[in-house]
Amino acid sequence: MSREMVIVLDFGGQYNQLVARRVRECNVYCEIYSYKTPLAEIKEMNPKGIILTGGPNSCYEADAPTCTEELFELGIPILGLCYGAQLMQHILGGKVERAEVREYGKTDVLVDTKSELFRGVLPSTTCWMSHFDTISEPAPGFTVTARTQHCPVAAAEDLDRGLYVIQFHPEVLHTQEGTKMIYNFVRGICGCSGDWRMDSFVEQSVRIIREKVGSGKVLCALSGGVDSSVAAVLMSKAVGDQLTCVFVDHGLLRKNEGDEVEAVFGPDGNYDLHFVRVNAQQRFYDKLSGVTEPEEKRKIIGGEFIRVFEEEAKKIGAVDFLVQGTIYPDVVESGLGGESAVIKSHHNVGGLPDYVDFKEIIEPLRSLFKDEVRKVGLELGIPEYLVYRQPFPGPGLGIRIIGEVTAEKVRIVQEADAIYREEIANAGLDRGVNQYFAALTNMRSVGVMGDERTYDYAVALRAVETIDFMTAEAAQIPWNVLNKVMNRIINEVKGVNRVMYDLTSKPPGTIEFE
Ligand code: XMP
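Residues numbered from 1 in each chain as written. Predicted model: local features only at pLDDT ≥ 70, side-chain atom pairs only at ≥ 80, totals over all residues. Heavy atoms only, no water.

Peer 1: A description of unusual backbone geometry should follow, citing residues and the corresponding values.
Peer 2: Across the chain, the bulk of peptide bonds are trans and the bulk of non-glycine residues have phi less than zero. In this structure, the amide linkage connecting K506 to the following residue, P507, adopts the cis form with an omega of -15 degrees. Mapping P507 onto the fold places it in the segment after β18 (496–501). Across the junction of P507 and P508, the peptide omega takes the value 10 degrees, indicating a cis bond. In this structure, P508 sits in the segment after β18. (Helix = DSSP H or I, 4+ residues; strand = E, 2+ residues; numbered from the N terminus.)

Peer 1: So what about helix α5 (residues 198–213)? Which residues, and what values?
Peer 2: Taking 1.5 Å as the rise per residue, α5 with 16 residues should run 22 Å; its terminal C-alpha atoms sit 22 Å apart, in good agreement. If you check which residues of α5 are buried, you get M198, F201, V202, Q204, S205, V206, I209 and V213. Phi turns positive, to about 55 degrees, at G214, one or two residues after α5. (Expected span 1.5 Å × (residues − 1). Buried < 20%, exposed > 50% of the residue type's maximum accessible area, 1.4 Å probe, protein only.)

Peer 1: I'd like a rundown of the nonpolar core, residues and numbers included.
Peer 2: Counting 71 residues, the largest nonpolar core has L52, L71, F72, M88, L243 and F265 as the members making the most contacts within it. No other element matches helix α6 (residues 226–239), which puts nine residues into this core. Not counting residues up to four positions away in its chain, the partners in contact with L243 are V218, C220, A232, M235, S236, L273, H274 and V323. Counting 44 residues, the second-largest nonpolar core is a separate cluster that includes V291, A463, I477 and V481. (Core = buried A, V, L, I, M, F, W, Y, C linked by side-chain atoms within 4.5 Å. Contact = heavy atoms within 4.5 Å.)

Peer 1: How would you explain the sheet that holds strand β2 (residues 29–34) if you had to name every residue and give the values?
Peer 2: The mixed open sheet is built from nine strands, whose spatial order is β2-β1-β3-β4-β9-β8-β7-β5-β6. Because the sheet does not close on itself, it has two edges, and the strands there are β2 and β6 (124–137). The mean angle between the axes of side-by-side strands here comes to 20 degrees, regardless of whether they run parallel or antiparallel. Across three bridges, strand β3 (residues 49–52) lies against strand β4 (residues 78–81) in parallel orientation. Across the sheet, I51 pairs through a bridge with L79, a residue of β4. Here helix α1 (residues 16–25) sits on the sheet and contacts β1 (5–10), β2, β3 and β4; the angle it forms with β2, its principal contact strand, is near 160 degrees. (Pairing = 2+ DSSP bridges. Axes fitted to C-alpha atoms, helices over the stretch in contact; angles between N-to-C directions.)

Peer 1: Help me get a handle on the side chain of Q86, residues and values and all.
Peer 2: Mapped onto the elements, Q86 comes out in helix α3 (residues 83–91). Given the relative accessible area of 3%, Q86 is considered buried. Within the structure, Q86 has its side chain in polar contact with the backbone oxygen of D133 (distance 3.1 Å). Polar side-chain contacts of Q86 include one of 3.2 Å to the side chain of Q167. (Polar contact = N/O pair within 3.5 Å; in protein donor to acceptor, adjacent residues only side chain to side chain.)

Peer 1: If you had to explain the side chain of S115 to someone new, which residues and values would you point to?
Peer 2: Within the fold, S115 resides in the loop between β5 (95–111) and β6. Since its relative accessible area comes to 2%, S115 is described here as buried. Non-local contacts of S115, meaning those with residues more than four positions away in its chain, are made with T145 and E157.

Peer 1: Describe the site of the ligand, and please don't skip the residues or the numbers.
Peer 2: Around the ligand, the surrounding shell holds 14 residues, and the nearest of these are R298, Q435, K506, I511 and E512. At 2.6 Å from an oxygen atom of the ligand is found a side-chain nitrogen or oxygen belonging to R298. Between an oxygen atom of the ligand and a main-chain N or O atom of G394, the distance comes to 2.9 Å. Burial of the ligand by the protein amounts to 91% of the accessible area it has alone, namely 490 Å². Here the shell around the ligand is built from residues that sort into six nonpolar, five polar and three charged. (Near = heavy atom within 4 Å. Areas by Shrake-Rupley, 256 points an atom, 1.4 Å probe, with all protein chains shown as cover. Nonpolar A, V, L, I, M, F, W, Y, C, P; charged D, E, K, R; others polar.)

Peer 1: Just give me the short version of the environment of I467, but keep the residues and values in it.
Peer 2: Considering the arrangement of structural elements, one finds I467 in the loop between β16 (452–465) and β17 (473–474). Look at I467 and you get exposed, because its relative accessible area is 83%. Between the C-alpha atoms of I467 and N27, which are 440 residues apart in sequence, the distance is 22 Å.

Peer 1: Can you explain the sheet that holds strand β13 (residues 321–323)? Please cite residues and give values.
Peer 2: Across the sheet, five strands lie side by side as β12-β11-β10-β13-β14; this open sheet has parallel pairing. Sheet topology places β12 (274–279) and β14 (360–362) at the edges, where each strand pairs with a single neighbour. Taking the axes of each pair of neighbouring strands and ignoring which way they run, one obtains an average angle of 25 degrees across the sheet. Pairing geometry for strand β10 (residues 218–221) and β13, over three bridges, is parallel. Bridged to V218 within β13 is F321. Of the strands in this sheet, β10, β13 and β14 are in contact with α5, which crosses β14 at around 165 degrees.

Peer 1: So what's going on with helix α13 (residues 407–426)? Residues and values would help.
Peer 2: With 20 residues, α13 should reach 28 Å at 1.5 Å per residue; the first-to-last C-alpha distance of 29 Å fits that figure. If you check which residues of α13 are buried, you get K409, V410, I412, V413, A416, D417, A418, I419, Y420, E423 and I424. Elements that come into contact with the buried residues of α13 comprise α8 (281–288), β15 (435–449), β16, α14 (479–492) and β18. Positive backbone phi, approximately 75 degrees, marks G428, located one or two places after α13.

Peer 1: Give a description of the packing of α5 against α6 that names residues and reports values.
Peer 2: Remark: α5 packs on α6, axes separated minimally by 8 Å, with the N-to-C direction vectors making an angle of 60 degrees. Relative to α6, the crossing made by α5 is right-handed. Within the contact between the two elements, α5 uses F201, V202, S205, V206, I209, R210 and V213 and α6 uses L234, M235, K237, A238 and V239. Split into classes, the residues belonging to the contact of α5 with α6 amount to nine nonpolar, one polar and two charged. (Left-handed = near helix turned anticlockwise from the far one by under 90°.)

Peer 1: A description of the pattern of salt bridges should follow, citing residues and the corresponding values.
Peer 2: Taken as a whole and assessed by the stated rule, the structure comprises 34 salt bridges. A salt bridge links K370 to D227, with the nearest nitrogen and oxygen atoms 3.1 Å apart. Linking K370 in helix α11 (residues 370–379) with D227 in helix α6, this pair joins segments that are 143 residues apart in sequence. A relative accessible area of 32% means that K370 is categorised as partly exposed. The salt bridge partner of E311 is R283, with a shortest N-O separation of 2.9 Å. Highlighted residues: E311 in helix α9 (residues 294–316) and R283 in helix α8, separated in sequence by 28 residues. Classification of E311 by relative accessible area gives partly exposed; the value is 37%. Residues joined in a network through salt bridges with shared partners are E422, E423, K484, R488 and E492. (Salt bridge = Lys/Arg side-chain N within 4 Å of Asp/Glu carboxyl O.)

Have a look at this one:
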């Protein structure tokens, strides 16, 4: 795909994905690569600009991540951020040393508004600082364009070479005018036209998929989640009924979810594709019978899912392509893109099927962030309730039922969860809380209902606010909402006599219970 691109070279900073997102928010396409990427490959990609990220090291230490000086001679505008700024200065002859005062947090920065980078920015602007080291003297050829009380070189530039450095983090929202600075760099200094949009993404992808697939057959495992739904619709738009979507109902979905997926993608739905629903509920319950250990449950569900999918695929026969709903953070997290890889080992069900006869994998969303996938979904006309669906784990309710999974327990948690979700939506909280669900604890306790003794299960309610799902805080759901949910669950769901709210943050808890 030939398009204008800015490259983010990742030096292990925690904000690498944010940098890429900010660039894309300026309608400029952007990808993250490791700082180890050979210069020839960078040249080959022909970027309009390069951004060097922050990182945890000190650039003057022997084994610190580095880059070759030739990078700065390519004639491509380069912006170094934090560690990236220090490294560029260090390599080009500036002085970087341990700061007397560590700057951390929101800091007032005085900027030279005549600099192209700070065009339209207030002369004194709040920025997010986080550094031990500091540039005490800029490299030859550089002019200082920003400073703080403790930091003599908060930004500098060498206009002749198109090189810019910023000590703070414009990609973080605490830097109030950070997006403007990134816009100034990519749209002004790099001269990108800003034609990266979701409608052009859809159009381009459809064209490329058609060329690639030709008259071939395509197979897709549809889960009903956002990523696989958007991938399926994009493929269907490109190749119509050459696409077959297999939807495995493992009996661990939320209430009515199987029918909802069928209503959208099935024969009465809106899309041109072959839809196969496999009702494998009992098969999964049988396999899970007597199993209580969480990881074992995950393995059984993941493994069985693959087997069911393979069996269906065999009926279809050989296909040319297998579609995967991989998105950009998956690519980066599996260590293929940037540098600061975090592996979420247990977060994907199973892996690839061994026995499906296909030639190639297609990952049409591979370059997109989650919010961009949602935009593509809306662009494709997928219903909003599907596009804004909260994350739902592959093993489904299997890991929201503590201990053994049975059909009866699935019914209880489905009913309770449906009530909880309905009331959260009624209270207008459904878009604000990032993930919320009911789980079934393995605890049964004594209660009293209508003068009779009960001995029933306790349902736990969970709701969290989180940005990255790696850390989370329990959401402060209003008491009256919780009360209503509790009352309804006790009254409407047979087998439950107690409702509890989980206050635990992550860490030390996790979002799911298992
Ligand atoms: P935890 O429980 O690890 O969850 O705090 C973080 C996020 O990951 C989801 N999650 C899973 N997703 N398979 C998945 O596809 C899994 O086994 C799994 N376990 C947790 C969880 O819903 C949350 O969004």
